[in-house]
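# Topology and contacts: notes
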Amino acid sequence: MVAFALVDASRRGAVAADRPLVVASKSDTEGALTGAMIALVLEGLGLTVKRRLGLGPTLIVRSALLSGDVDVYPEYTGNGAYFTGTETDPAWRTPEGAFSSIARSDAARGLVWLERAPANNTWLIAVRGDLARREGLATMADFAEAVRRGLIRLAASTEFVESPAALPAYEAAYGFHMPRDRVISLPGGDTAVTARAAAQGISGVDAGMVYGTDGALSALDLVVMADPKNAQIVYEVAPVIREASLARHPGIRPALADLFRSLDAATLRRLNAAVAVEGEPAEAVAARYLADRRGGR
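Residues numbered from 1 in each chain as written. Predicted model: local features only at pLDDT ≥ 70, side-chain atom pairs only at ≥ 80, totals over all residues. Heavy atoms only, no water.

What follows is about the overall build of the protein chain. Scanning the protein chain from terminus to terminus reveals 14 helices and 10 strands. In terms of overall dimensions, the protein chain is globule-like: its C-alpha atoms have a radius of gyration of 21 Å, near the 19 Å expected for 297 residues. Taking the principal axes of the C-alpha coordinates as reference, the protein chain spans close to 80 × 40 × 30 Å. Of all 297 residues assigned to the protein chain, the portion counted as buried reaches 47%. Expressed as a percentage of contacts within the protein chain between residues at least 6 apart in sequence, the contacts between residues at least 24 apart total 75%. Distance between charge centroids for the protein chain: 3 Å, based on 32 positive and 34 negative side chains. (Helix = DSSP H or I, 4+ residues; strand = E, 2+ residues; numbered from the N terminus. Rg over C-alpha atoms; globule rule 2.2 N^0.38 Å. Buried < 20%, exposed > 50% of the residue type's maximum accessible area, 1.4 Å probe, protein only. Contact = heavy atoms within 4.5 Å. Lys, Arg positive; Asp, Glu negative; His and termini not counted. Charge placed at Lys NZ, Arg CZ, Asp CG, Glu CD.)

Turning our eyes to something else, we now look at the pairing of strand β5 (residues 123–128). Within β5, six of the six residues are buried, which leaves the element mostly enclosed by the surrounding structure. Across five bridges, the pairing between β5 and strand β8 (residues 207–211) is antiparallel. Looking at the pairing, Val 127 lines up with Ala 207 of β8. In this sheet, strand β9 (residues 222–224) lies alongside β5 in antiparallel orientation, the contact comprising three bridges. Looking at the pairing, Ala 126 lines up with Val 224 of β9. (Pairing = 2+ DSSP bridges.)

On to the sheet that holds strand β6 (residues 154–157). The five strands are arranged β7-β6-β8-β5-β9 in an open sheet whose pairing can be described as mixed. At either end of the open sheet lies a strand with only one pairing partner, and these are β7 (183–186) and β9. Going across the sheet, the axis of each strand differs from the next one's by a mean of 35°, ignoring polarity. Summarising the sheet, β6 and β7 pair through four bridges and their orientation is parallel. Note on β7: the bridge partner recorded for Ala 156 is Ser 185. Most of the contacts of helix α10 (residues 191–200) go to β8, to which it runs at about 145°, and overall it touches β5, β6, β7, β8 and β9. (Axes fitted to C-alpha atoms, helices over the stretch in contact; angles between N-to-C directions.)

This brings us to the packing of aromatic side chains. Going through the model one piece at a time under the given rule, you end up with three aromatic pairs. Between Trp 123 and Phe 160, the aromatic rings sit 5.6 Å apart at their centres with planes inclined by 75°, giving edge-to-face as the arrangement. Separated by 37 residues along the polypeptide, Trp 123 in strand β5 and Phe 160 in helix α8 (residues 158–162) bring together distant segments of the chain. Exposure class is identical for Trp 123 and Phe 160. Each is buried. Where Phe 143 meets Phe 176, the ring centres are 5.9 Å apart and the plane angle is 75°; that geometry is what we call edge-to-face. Of the two residues, Phe 143 is situated in helix α7 (residues 140–148) and Phe 176 in the loop between α9 (167–174) and β7; the sequence distance between them amounts to 33 residues. Overall, the relative accessible area of 7% leaves Phe 176 in the buried class. Its guanidinium or amino end placed over the ring of Phe 83, Arg 62 lies 3.9 Å from that ring's centre, counting from NZ or CZ. (Phe/Tyr/Trp six-rings, centres within 6.5 Å; stacked < 30°, edge-to-face > 60°. Lys NZ or Arg CZ within 6 Å of the ring centre and 35° of its normal.)

This paragraph deals with the nonpolar core. If you look at the biggest cluster of nonpolar residues, it comprises 55 residues, and the most contacted ones within it are Met 37, Leu 42, Ile 252, Leu 256, Leu 259 and Leu 263. Top element by residues in this core is helix α2 (residues 29–44). It accounts for seven residues. In this view, Leu 263 contacts Thr 34, Met 37, Ala 117, Pro 118, Ala 119, Leu 268, Leu 271 and Tyr 289; residues no more than four positions away in its chain are not counted. Formed by 39 residues, the second largest nonpolar core is a distinct cluster that contains Trp 123, Ile 125, Met 178 and Ala 231. (Core = buried A, V, L, I, M, F, W, Y, C linked by side-chain atoms within 4.5 Å.)

Two numbers describe how α2 lies on helix α14 (residues 282–295): the axes approach to 8 Å, and their chain directions differ by 55°. With respect to their mutual orientation, α2 and α14 come out oblique. Two packed elements cross with a definite hand, and for α2 against α14 that hand is right-handed. Contacts between α2 and α14 pair Ala 32, Leu 33, Ala 36, Met 37, Leu 40 and Val 41 from the former with Ala 282, Glu 283, Val 285, Ala 286, Ala 287, Tyr 289 and Leu 290 from the latter. Among the residues making up the contact of α2 with α14, the classes are represented as 12 nonpolar, no polar and one charged. (Parallel < 35°, antiparallel > 145°, perpendicular 65-115°, else oblique. Left-handed = near helix turned anticlockwise from the far one by under 90°. Nonpolar A, V, L, I, M, F, W, Y, C, P; charged D, E, K, R; others polar.)

Structural data, given as structure tokens:
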């Protein structure tokens, strides 16, 4: 009986080691792009991969990871603030603080955060290029002064306007108040809409809510306002993998670290633009980027 149990346990271990690794992503552009990169890198290691890219929003994908239906997916460090209910903790407003906080918390759940990309995809405000150049607007301090002078009409999501971690955090840090009658508030969080409104001056809009690595920023001639006071939570993307999956395939860690270290903000904006602006498939953009990196070595 014991012998049969040992054989059965050995067989289960072999099946677990051989089963495909499930790589998922959220349904946004950057999620599809970085998810495809993860899948391609794992296949480059000789591993069998099952793709579930574009699986859904954060709650669905993270739940699948926690349940074991997914092995790895790209997530943002700053979302750890909401996973843990600690949004007001100042640790989330520095890159190292955000990463170490969620890595430590998720370790207790059997999840490992691998090396993050050096690109902060947080909520930002971008100003129409001609206005920014004419008025010398480069930082949120400059933006605050422009608001006080009545130069700004802002397009943003309702969440950005109302969440204490978003526009109110900027107002508190930089000492200004954005008159709500000068805000075009939209129910969704689609930055493609708010960025285009700012670029084209729709409804008199001069500025729009954007994310730090949005692909359309350069194409639309928008100038992102820097946040030197770190008013916003830091959102750096990193692969999150189940501890058991990493233990079976430890080579995943260095391979993905090498990839994600290369994904700075300028690189992600360029790659996101290829998908969101030029209409290329995310997998094709990911494959080309990986091939170019191999060719450059």
